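Each chain, letter by letter, is given below.
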Amino acid sequence: MLLTNARVIDAAGRQVLERATVRIDCGRIAEVAAGEGAPSDAGLDLEGRTLMAGLIDAHAHLSSDISRSPDFGPPAPLKGELPRPRELGYFVLAKAARALLAAGITTVRDVGSYDDEAIVLREAVRLGLVEGPRIISCGRIISATAPGGAIFTTMYREADGPDEMRKAVREQLRRGADFIKLMATGARSVVAEDPEPAQMTREELGAIVDEAHRLGVRVAAHVEGLAGARVAVDARVDTIEHGLSLHREPRLLDAMASSEIVLVPTLSTFHDLAERFTEAFAPALVEQAQRQLEEAYLTLVAARSAGVTLAMGHDSGPPGHNAIELVRMVEGGLPALEGIAAATHGSARALGLPDLGTVTAGAVADLLVVDGDPLADVRMLCDPERIWMVVQDGRVVGGRARAQELAPA
Ligand SMILES: [Zn+2]
């Protein structure tokens with residue numbers, strides 16, 4: 001495939017190439033040439049539209065539970081109707097996968113779902129049963145025995161003591177996980193948990209990181225309070241999820257920058273609890289989230305100036321609206337090009353997949369063509385009308401151009 005006359009945003013290289021030609025061969029980018037006019041009858045003329053790497057959501061929960069996605073799933077059952085079969089949930093997952101891809105989200109990192117649903121969906125996509133983004137999943141989240149376990153049930157694997165932590169890591173790999181996720185602190189969405197102290201001991205968290213790294217997989221740490229942040233950063237996890245308290249201790253941000261620990265700020269999830277679903281959560285949690293929301297934005301700015309790699313993690317719904325997180329990062333202080341870098345290259349680094357998230361020769365051809373200039377207004381990445389073409393592994397899989405059959409088959 002040859003794409004000509006493209007305005008290429010190479011966010012990884014922090015540059016924009018005008019009138020560029022991108023040649024794709026065997027699912028990878030073979031060549032990116034700026035300002036060189038290829039014969040106009042060869043390939044697809046993008047007419048100056050913006051071509052960038054496909055978006056990568058580094059913090060999603062691929063779940064048939066659509067409580068943060070009102071109106072995305074089936075209407076609520078009416079009184080008197082037969083109970084819904086549990087298996088309907090798999091169709092919700094399939095709809096989510098298609099919605100993500102249509103929105104230009106070409107890769108998703110699932111950080112915890114119920115009943116291994118994300119692994120099932122990953123396999124369905126891989127086997128060609130449903131169209132969807134590239135998925136990597138943590139299996140179950142490893143947590144110390146904690147109140148959250150009573151709420152998050154099969155999303156968690158509770159474990160206590162270093163040996164059991166090692167076993168919990170091995171179990172996730174056995175069930176098909178691609179990486180490990182752990183709870184370094186409690187969760188802001190659980191009344192009985194204080195998100196400030198570390199929830200695991202240094203020995204427990206260290207055992208998880210050691211076991212995972214020895215076996216060659218990465219570790220994502222749910223971190224809210226500072227005490228847990230210290231334990232997770234000192235243990236050299238690979239990504240910090242949320243991490244809102246980090247602005248309070250610049251030493252930790254410096255350590256993250258020098259050890260290449262990626263921060264996934266998940267601003268949207270704080271908006272959810274503080275503003276969007278205030279009726280659904282206990283009042284104490286809403287109040288707490290309002291404080292955390294302010295802190296999350298302070299940490300975004302502090303992490304940027306410390307040189308920490310940032311990634312885009314929506315941690316909310318509905319599927320397909322993920323780019324609102326990119327918009328929020330830009331509104332919070334990132335220049336648009338850096339926001340796009342976070343949502344592509346930064347997320348790829350969070351996933352440990354350097355072949356993704358960049359428009360350079362040799363990279364996987366997961367691409368997004370936007371009708372307009374997202375550097376002038378990143379909000380257009382949330383507008384389905386502007387998503388002109390979505391390319392995955394060098395194949396056109398979505399976008400308005402495909403719908404109108406303008407693109408090559
Ligand atoms: Zn989450």
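By convention here, each chain's residues receive numbers from 1 onward along its written sequence. Where totals are concerned, whole chains, interfaces and linings use all residues; where local detail is concerned, this predicted model gives features only for residues with pLDDT of at least 70, and gives and counts side-chain atom pairs only at 80 or more. Side-chain numbers here rest on the full set of heavy atoms in the structure, without hydrogens or water.

1. Quick look at the overall build of the protein
Reasoning step 1: Secondary structure elements are defined from DSSP: runs of H or I of at least 4 residues count as helices, runs of E of at least 2 residues count as strands, and each element is numbered from the N terminus. Broken down by element type, the protein carries 12 helices and 17 strands.
Reasoning step 2: For 409 residues, the compact-globule estimate of 2.2 N^0.38 gives 22 Å, and the C-alpha radius of gyration of the protein, at 21 Å, lies within 12% of that figure.
Reasoning step 3: C-alpha extents for the protein along the principal axes are approximately 65 × 60 × 40 Å.
Reasoning step 4: Residues counted as buried form 56% of the 409 residues belonging to the protein. Computation of the radius of gyration draws on C-alpha atoms, with the globule rule given as 2.2 Å multiplied by the number of residues to the power 0.38. Each residue's exposure class comes from its accessible area (1.4 Å probe, protein chains only) as a fraction of the maximum for that residue type: buried when under 20%, exposed when over 50%, partly exposed otherwise.

2. Observations regarding the packing of helix α1 (residues 88–102) against helix α2 (residues 117–126)
Reasoning step 1: Running from N to C, α1 and α2 point in directions that differ by 60°, and their axes come no closer than 10 Å. Between α1 and α2, the angle is such that the two are oblique. Once α1 is placed against α2, the crossing between them reads as right-handed. Residues Tyr-90, Leu-93, Ala-94 and Ala-97 of α1 form the contact with α2, whose own contacting residues are Glu-117, Val-120 and Leu-121.
Reasoning step 2: For the contact of α1 with α2, the residue count by class is 6 nonpolar, no polar and 1 charged. Orientation is described by lines fitted to C-alpha atoms, with helices fitted over the stretch in contact, and by angles between N-to-C directions that extend from 0 to 180 degrees. Angles are sorted into four bins: roughly parallel if under 35 degrees, roughly antiparallel if over 145, roughly perpendicular if 65 to 115, and oblique for all others. Throughout, a crossing is termed right-handed when the near helix is turned clockwise from the far one, and left-handed when it is turned anticlockwise from it by less than a right angle. Pairs of residues are marked as contacts when any of their non-hydrogen atoms sit within 4.5 Å. Under the scheme applied, nonpolar residues are Ala, Val, Leu, Ile, Met, Phe, Trp, Tyr, Cys and Pro; charged residues are Asp, Glu, Lys and Arg; polar residues are all the others, including Gly.

3. Brief notes about helix α6 (residues 226–234)
Reasoning step 1: By the burial criterion, the buried members of α6 are Leu-226, Gly-228, Ala-229, Val-231, Ala-232 and Val-233.
Reasoning step 2: Elements that come into contact with the buried residues of α6 comprise α5 (202–214), β12 (219–223), β13 (239–242) and α7 (250–259).
Reasoning step 3: Phi turns positive, to about 60°, at Arg-236, one or two residues after α6.

4. Considerations on the coordination of the zinc ion
Reasoning step 1: Metal donors were taken as nitrogen, oxygen and sulfur atoms no farther than 2.8 Å from the ion, or 3.2 Å where the ion is Na, K or Ca. Water is excluded, so coordination may look unfinished. Here the zinc ion is held by the protein donor atoms His-59 (NE2), His-61 (NE2) and Asp-315 (OD), which lie 2.0 to 2.5 Å from it.
Reasoning step 2: Taken in chain order, the donor set of the zinc ion reads H-x1-H-x253-D. In this pair, His-61 is assigned in the loop between β6 (55–60) and α1 and Asp-315 in the loop between α9 (283–306) and α10 (324–331), connecting sequence segments 254 residues apart.
Reasoning step 3: Look at His-61 and you get partly exposed, because its relative accessible area is 30%.
Reasoning step 4: Given the relative accessible area of 7%, Asp-315 is considered buried.

5. As for the pattern of salt bridges
Reasoning step 1: Put simply, a salt bridge is a Lys or Arg side-chain nitrogen that is within 4 Å of an Asp or Glu carboxyl oxygen. Applying the stated criterion across every chain yields a total of 38 salt bridges.
Reasoning step 2: Across the pair Arg-170 and Glu-211 runs a salt bridge whose closest N-O atoms are separated by 2.6 Å. Placement of the pair is Arg-170 in helix α4 (residues 162–174) and Glu-211 in helix α5, with a sequence separation of 41 residues.
Reasoning step 3: Glu-211 sits in the buried class, given a relative accessible area of 1%.

6. Quick look at the sheet that holds strand β7 (residues 105–110)
Reasoning step 1: Pairing is parallel across the open sheet formed by 3 strands, whose spatial order is β6-β7-β8. A single partner strand is all that each edge strand has here, and the edge strands are β6 and β8 (134–137). Direction aside, neighbouring strands of the sheet carry axes that sit 15° apart on average.
Reasoning step 2: Pairing analysis gives 4 bridges linking β7 to β8, with the strands arranged parallel. Paired with Asp-110 across the strands is Ser-137, a residue of β8.
Reasoning step 3: Against the sheet, α2 engages β7 and β8, with an angle of about 150° to β8. We treat two strands as partners when DSSP finds at least two bridges between them.

7. Describing a nonpolar patch on the surface
Reasoning step 1: Candidate patch residues must exceed 30% relative accessible area and have no salt bridge, after which like charges are joined if within 9 Å and Val, Leu, Ile, Met, Phe, Trp or Tyr side chains if within 5 Å. Method for areas: the Shrake-Rupley scheme with a 1.4 Å probe, in which residue coverage is limited to the protein chains shown. On the surface, Leu-88, Tyr-90, Phe-91 and Val-120 cluster together into a nonpolar patch covering about 370 Å² of accessible area.
Reasoning step 2: A per-element tally of the nonpolar patch places α1 first, with 3 residues.
Reasoning step 3: The topology assignment puts Leu-88 in helix α1.

8. Remarks on the pairing of strand β15 (residues 367–370)
Residues in a regular strand point their side chains to alternate faces of the sheet.
Reasoning step 1: Where burial is concerned, the two faces of β15 agree: the one with Leu-367 and Val-369 and the one with Leu-368 and Val-370 are both buried.
Reasoning step 2: Note that strand β5 (residues 50–53) and β15 share 4 bridges and pair antiparallel. By the bridge assignment for β15, Ala-53 is matched with Leu-367.
Reasoning step 3: Bridging between β15 and strand β16 (residues 387–392) involves 4 bridges; their strand directions are antiparallel. Counterpart to Val-369 in the pairing with β16 is Met-389.

9. Digging into the environment of Ala-187
Reasoning step 1: Structurally, Ala-187 can be placed in the loop between β11 (180–183) and α5.
Reasoning step 2: Its relative accessible area of 4% is what places Ala-187 among the buried residues.
Reasoning step 3: C-alpha of Ala-187 to C-alpha of Arg-134: the two residues are 53 residues apart in sequence and 27 Å apart in space.
Reasoning step 4: Ignoring sequence-local partners within four residues, the contact set of Ala-187 consists of Glu-193, His-222 and Glu-224.

10. Section: unusual backbone geometry
Reasoning step 1: Omega for the bond connecting Gly-317 with Pro-318 falls within 30 degrees of zero, at -5°, which places this linkage in the cis form.
Reasoning step 2: For Pro-318, the position within the fold is in the loop between α9 and α10.
Reasoning step 3: Its identity is not glycine, yet Glu-47 carries a phi of approximately 55°, on the positive side.
Reasoning step 4: Relative to the helices and strands, Glu-47 resides in the loop between β4 (44–45) and β5.
Reasoning step 5: Classification of Glu-47 as exposed rests on a relative accessible area of 55%.
Reasoning step 6: For Asp-116, which is not glycine, the phi dihedral falls at a positive 60°.
Reasoning step 7: Structurally, Asp-116 is set in the loop between β7 and α2.
Reasoning step 8: Overall, the relative accessible area of 16% leaves Asp-116 in the buried class.

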